[in-house]
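Here's the letter readout for the chains.
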Amino acid sequence: KAPFGMLTDILRGAIFQDSQYTLTLPDQQDQEYVWDNNFQGKNLITYFSEILLPAIVEDPNGRVVRIPSKPWYEQTAPKVEVEVFFVNSKDIVFSGSEDFVFKRGAFAYWITKKAIIRYKQDAGKQYVVESQGYYATLLGKLPVSIAGGVWNTEGYYDSYYDKAIAAANEFISSFSAEQMVDKEASHPYITQLEDDCPDCQGSKQDVYMDATSGLPKAQACRRCNGKGTISVNPADRITVNIDDWEKLKDGAVRITNPDTTINKYHRDKNTQVMDMILRALNLLNIDAAQSGTAKAIDLEKLHTFISAVSNNLFDNIIYPTLQDFIAYRNV
């Protein structure tokens, strides 16, 4: 998520910093409404920056919809209160040149060029049309804009970040493998001398006299817990007969360190894959201490990318949004 989030922050700062745009509406009430927190607790530009921009890059086939926030019979303000929101592609029922149908919460909406009709879920989760209607817009067009991205030959939009997704998927797999190696195969292991238990002589049992029957009975050896052998702890002092000295010629305890070249391999590979992601997003040399040529090339690519996103955002989403907003409130 880090490089994608970094690029979204760069887009937000480059497109929506105060020096990049001017927004002034001719009507003072409209101007105040747009700059007040009427759009999910934010003003319109902040709403575009913090909510709609991330939604657009994540779901380029979603829609930005502008409708009155209340049905006609609940509008009590001097001017129509307008709502702007994003419809995820999974919630779109039908999209055409004349009609747009989508689900949102407990409601479904059918938008045409002249009217908005709302349906409400009943107790059986079926959608039932509201008899009073929702709103007669008479706009002559659908108050809907597609999020947009990179058009593909399949007939829909890919995300602006699509060219980095393959490397990002590879990074997830490779990073998971590195985590497993670091956790499971990077710790030294101990090899200890294991000798026959001196109490049971390796038989795993010892014999005792049963107090009730007076007969001898066997039980698991209490010293080795029935293993038949005893391990030597690293700090133990052991004594052996001279005949058993050969058992200790390499030490009673041996600590083996694993080969860590596999860890280095995964770390280097993940660094390379991350570089692929940053390069695909034109971010590789932005923060690197590199000479001017490489950084200038990446900066130029990044500015071209920002311009493409910005042009789509202002021309196809923000401008139509303001058009519909003014039409709802003044026509």
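This section reports on the structure supplied with the text. (Residues numbered from 1 in each chain as written. Predicted model: local features only at pLDDT ≥ 70, side-chain atom pairs only at ≥ 80, totals over all residues. Heavy atoms only, no water.)

1. Here we look at the environment of A55
Turning to its location among the elements, A55 is positioned in helix α3 (residues 44–58). A relative accessible area of 17% places A55 in the buried class. For the pair formed by A55 and V87, sequence separation is 32 residues and the distance between their alpha carbons is 9.2 Å. (Helix = DSSP H or I, 4+ residues; strand = E, 2+ residues; numbered from the N terminus. Buried < 20%, exposed > 50% of the residue type's maximum accessible area, 1.4 Å probe, protein only.)

2. Overview of the pairing of strand β4 (residues 99–104)
One ladder, built from three bridges, connects strand β3 (residues 92–95) with β4; its direction is antiparallel. Opposite I92, over in β4, you have F102 as the bridge partner. Counting the residues that bridge the hairpin from β3 to β4 gives three residues. When β4 meets strand β5 (residues 107–112), the two strands line up antiparallel, connected through six bridges. (Pairing = 2+ DSSP bridges.)

3. Here we look at the side chain of S159
Along the chain, the position of S159 falls in the loop between β11 (157–158) and α4 (165–184). Accessibility expressed as a relative area gives 11% for S159, which makes it buried. At a separation of 2.5 Å, a polar atom in the side chain of S159 contacts the main-chain carbonyl oxygen of V57. At a separation of 3.0 Å, a polar atom in the side chain of S159 contacts the main-chain amide nitrogen of Y161. If sequence neighbours within four positions are ignored, S159 has contacts with V57, P60 and V150. (Polar contact = N/O pair within 3.5 Å; in protein donor to acceptor, adjacent residues only side chain to side chain. Contact = heavy atoms within 4.5 Å.)

4. Some details on the packing of aromatic side chains
Taken as a whole, this structure holds 15 aromatic pairs when the rule is applied. Between Y135 and Y328, the ring centres sit 6.5 Å apart and the planes meet at 90°, which makes this aromatic pair edge-to-face. Of this pair, Y135 sits in strand β8 (residues 135–136) while Y328 sits in helix α6 (residues 292–330), and the two are 193 residues apart along the sequence. Residue Y135 shares its accessibility class with Y328, and that shared class is buried. Positioned above the aromatic ring of F107, the side-chain terminus of R118 is 4.1 Å from the ring centre. (Phe/Tyr/Trp six-rings, centres within 6.5 Å; stacked < 30°, edge-to-face > 60°. Lys NZ or Arg CZ within 6 Å of the ring centre and 35° of its normal.)

5. Things to note about the pairing of strand β15 (residues 216–220)
Regular strands place their side chains on alternate faces of the sheet. Where strand β14 (residues 205–209) meets β15, five bridges bridge the pair, whose relative direction is antiparallel. By the bridge assignment, Y208 is partnered in β15 with K217.

6. Digging into the environment of Y134
Among the secondary structure elements, Y134 is positioned in the loop between β7 (127–129) and β8. Filtering out sequence-adjacent residues up to four positions away, Y134 remains in contact with I67, P68, S69, K70, P71, W72, Y109, I116, I117 and R118. Here P68 takes part through its backbone oxygen, which lies 2.7 Å from a polar atom of the side chain of Y134. A polar contact is formed between the side chain of Y134 and the backbone nitrogen of K70, at a distance of 3.5 Å.

7. Topic: the pattern of salt bridges
Applying the stated criterion across every chain yields a total of 15 salt bridges. A salt bridge links K264 to D268, with the nearest nitrogen and oxygen atoms 2.8 Å apart. Of this pair, K264 and D268 both sit in helix α5 (residues 261–280), four residues apart, which is roughly one turn of that helix. Judged by relative accessible area, K264 falls into the exposed class, the value being 52%. The class of D268 is partly exposed, set by a relative accessible area of 34%. When salt bridges that share partners are traced, they join D27, D30, K79 and R329 into one network. (Salt bridge = Lys/Arg side-chain N within 4 Å of Asp/Glu carboxyl O.)

8. Some points on the sheet that holds strand β2 (residues 82–87)
With antiparallel pairing, three strands are arranged side by side in an open sheet as β2-β1-β9. Only two strands of the sheet have a single neighbouring strand rather than two, namely β2 and β9 (144–146). Geometrically, the sheet is characterised by an average inter-axis angle of 20° between neighbouring strands, direction not taken into account. Pairing between strand β1 (residues 63–68) and β2: six bridges, direction antiparallel. What sits directly across from R66, in β2, is V84. Lying over the sheet, α3 contacts β1 and β2, oriented at roughly 15° with respect to β2. (Axes fitted to C-alpha atoms, helices over the stretch in contact; angles between N-to-C directions.)

9. Concerning α4
The end-to-end C-alpha distance of α4 is 29 Å, a good match for the 28 Å that 20 residues give at a rise of 1.5 Å each. Regarding α4, the residues found buried are A167, A168, F171, S174, E178 and V181. Angular distribution of buried residues about the axis of α4 spans 140°; they occupy a single face of the element. For α4, the exposed residues set more than 90 degrees away from the buried face come down to I172, M180, K183 and E184. Tucked inside the fold, the buried residues of α4 contact α1 (2–16) and α5. (Expected span 1.5 Å × (residues − 1). Arc of directions from axis to C-beta.)

10. Focus: unusual backbone geometry
A positive phi angle, near 55°, is found at Q40, a position not held by glycine. Relative to the assigned elements, Q40 resides in the loop between α2 (28–35) and α3.

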